[in-house]
Amino acid sequence: MEYRSQKIAHWYFKIALLLFVLQVIVGLWLAVNYSFTVPQWIVDKFSFATARAIHTNLLVLWMLLGFMGGTYYIVPEETGSEIFSPKLAWIQLVALVATGVVALIGFVFGWTQGRPLLEIPRPLDLVIVIGALIFLFNVGMTMIKAKKWTAIQGTLLGGMLFLALLYLFGIPFYKNAVIDWYYWWWVIHLWVEGAWELVTAAILAFVLIKLTGVERQVVEKWLYVELGLFLFTGIVGTGHHYYWIGAPSYWLWFGGIFSALEPLPILLMMIDTMMHVKQRKLKIKNPLTWTIAIGCAVLHMIGAGVLGFMHTLPQINYYTHGSQVTVSHGHLAFFGAYALLNLLIFYFAVPQLKGIKVYDDRRGKIGFWTMSTAMTLMAITFGIAGVIQAYVERVLGMGYMTAQSYMQLWFAVTLVLGVIFFIGLLFTVADLFTMRPAKAQK
Ligand code: HEM
Ligand code: HEM
Ligand SMILES: [Fe+2]
């Protein structure tokens, strides 16, 4: 750790990890709901819809906290200065976590806007906006005061600004459902396929430079290429969500073609990452961080690129829309791209924050491989359930519950895999909380 104020990042990471654990526990409960018939009195008190909202909102909350913590770690090193106001960073953390906790408890009592992933009621949205403004002000002021600009900083700040701006579109409620869904997708799609990709590119570039010792220009050059492509295909690619919501039919073409091009930048990033492996001059001391970087690039490509591409053309999406095929893609894409990105910056930063040069990575390795394998297999089992669902419901025209009875076995397998994933997660979280120096170093 070079700057004292980077310490605040550690708290963001710790809270993010605890919320990740909670998210997965609720995910297991969701899988129980699909695998068994849950007694009605439980459903009356704690419905599937409530649990689902908690699962997905926790996901968004912990990942955003991770990104923000990552930014607070990276910005001092990039600008060569302390954070403008560590106090503001604290206030922001407390405000966001408190809002999150109130929102989650509120869901249990039916206090919700009802729109998936953006269920948080309006008064709480406003607190989130204030939290985001504090964050942007704090990071922006740090950069302005330091008067030093790098492409990594710019991409990071740009991504975070874009992310916060898009959130505003999800706050109002439009009576016309078509318009409401248009803007809902601006948040959901343009987050994960736009703003979050920028944040990813910046964090990945930062870690790559530090980890491999490769020259800044080599990585930053790709940052510009990726930026352009992500924005280009990502923005028009939003059309792959406008097929069946009552939007004009030209979106079938625009959405299909542009979003099919989306995997291209991810592929470039992947090839680029491999090139860096060859080009690196320094020996990588802790291979685990490097493994996570490669795992992130590969599973990002498979989850978002391959599984996303599989249902992005309208001719296929007609059958798979809103089915478990979507859930399969959602899980592997979020895990590969963003859960692993968060773990990457956590694993890079935590040893530095603790002053450990070479850490004992045995538990971390078990955690990474268990989670990655279990989630890849879960994507397959969700996918099988989804294909059964698409066939029984949409080709054979049978009812929703008939399809569920054919899918149930695959949900049970998913549940078992989910438990294995959870064990891997516990290894990872325990490791990050109690990281130790490698034996030779003691
Ligand atoms: C890391 C990037 C990505 C993440 C995290 C992600 C995540 C998700 C999630 C969670 C959904 C479900 C939304 C809902 O209906 O509740 C979704 C839907 C979808 N995604 Fe992605 N996605 C990513 C990238 C991509 C890419 C690159 C493509 C295309 C090549 C794609 C194609 C689609 C399509 C077509 C749908 C709609 C499925 C339907 O009609 O039900 N996604 N994505
Ligand atoms: C390991 C244990 C987990 C299990 C058993 C699990 C299970 C589930 C289930 C059953 C759903 C509801 C699907 C539906 O509405 O039909 C769901 C939704 C979702 N989960 Fe998980 N989950 C787990 C972990 C995760 C992780 C680690 C992530 C992300 C990194 C994640 C991301 C999501 C997303 C994005 C959705 C919404 C999908 C959509 O809208 O299509 N889950 N999960
Ligand atoms: Fe999308």
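Residues numbered from 1 in each chain as written. Chains lettered and ligands numbered in written order. Predicted model: local features only at pLDDT ≥ 70, side-chain atom pairs only at ≥ 80, totals over all residues.

(A) Fine view of the overall build of the protein. Within the protein one finds 15 helices and 0 strands. Computed over C-alpha atoms, the radius of gyration of the protein comes to 21 Å, within 12% of the 22 Å expected from 2.2 N^0.38 for 442 residues, which places it in the range of a compact globule. Principal axes of the C-alpha set define a box for the protein whose edges measure 60 × 45 × 45 Å. Looking at the protein as a whole, 46% of its 442 residues qualify as buried. At a minimum sequence separation of 6, the contacts of the protein that also span at least 24 residues come to 82%. (Helix = DSSP H or I, 4+ residues; strand = E, 2+ residues; numbered from the N terminus. Rg over C-alpha atoms; globule rule 2.2 N^0.38 Å. Buried ≥ 20, exposed ≤ 12 C-beta atoms within 10 Å, placed from the backbone. Contact = placed C-beta atoms within 7 Å.)

(B) Structural view of the site of ligand 2. Close contacts around ligand 2 come from 21 residues, with Gly 27, Leu 30, Ala 31, Gly 330 and Gly 418 the closest. Residue assignment for the shell around ligand 2 shows that the elements contributing at least two residues are helix H1 (8-35), helix H3 (48-79), helix H13 (324-354) and helix H15 (400-433). Here the shell around ligand 2 gets 7 residues from one element, more than from any other, and that element is H13. Considered class by class, the residues forming the shell around ligand 2 number 12 nonpolar, 8 polar and 1 charged. Among the domains, domain 1 (1-121) and domain 3 (302-442) are the pair contributing at least three residues each to the shell around ligand 2. (Near = placed C-beta within 6 Å. Nonpolar A, V, L, I, M, F, W, Y, C, P; charged D, E, K, R; others polar. Domains from an automatic or database assignment.)

(C) Structural view of the domain arrangement of the protein. Each assigned domain of the protein is listed with its residue range as follows: domain 1 (1-121), domain 2 (150-278) and domain 3 (302-442). A C-alpha centroid distance of 22 Å is found between domain 1 and domain 2. Facing 10 residues of domain 1, the contacting portion of domain 2 comprises 12 residues. Partitioned by chemical class, the residues of the side of domain 1 that touches domain 2 number 5 nonpolar, 3 polar and 2 charged.

(D) Up close: the site of ligand 1. Within the structure, ligand 1 sits among 24 residues, and Ala 304, Gly 308, Gly 330, Ala 333 and Ala 337 are positioned closest to it. Among the elements of the structure, helix H7 (177-212), helix H11 (287-310) and H13 are those that each provide at least two residues to the shell around ligand 1. In terms of residues, the shell around ligand 1 owes the most to one element, H13, which gives 6 residues. Of the residues in the shell around ligand 1, the class split is 9 nonpolar, 13 polar and 2 charged. Counting contributing residues per domain, the shell around ligand 1 is built from domain 2 (150-278) and domain 3 (302-442), each supplying no fewer than three.

(E) Quick peek at the packing of H3 against helix H5 (residues 122-146). Look at H3 against H5: their axes get within 10 Å of each other, and the N-to-C directions meet at 10 degrees. By the angle class used here, H3 and H5 are roughly parallel. On H5, the residues that touch Met 68, Thr 71, Val 75 and Thr 79 of H3 are Phe 135, Val 139, Thr 142, Met 143 and Ala 146. Classifying every residue of the contact of H3 with H5 gives 6 nonpolar, 3 polar and no charged. (Axes fitted to C-alpha atoms, helices over the stretch in contact; angles between N-to-C directions. Parallel < 35°, antiparallel > 145°, perpendicular 65-115°, else oblique.)

(F) Geometry of helix H9 (residues 250-261). If you check H9, its first and last C-alpha atoms are 17 Å apart, about what 12 residues at 1.5 Å a residue would give, namely 16 Å. For H9, the set of buried residues is Leu 252, Gly 255 and Ser 259. One side of H9 carries all its buried residues, which in axial view fall inside an arc of 80 degrees. Exposed residues on H9 whose side chains face more than 90 degrees from its buried face are Tyr 250 and Trp 253. (Expected span 1.5 Å × (residues − 1). Arc of directions from axis to C-beta.)

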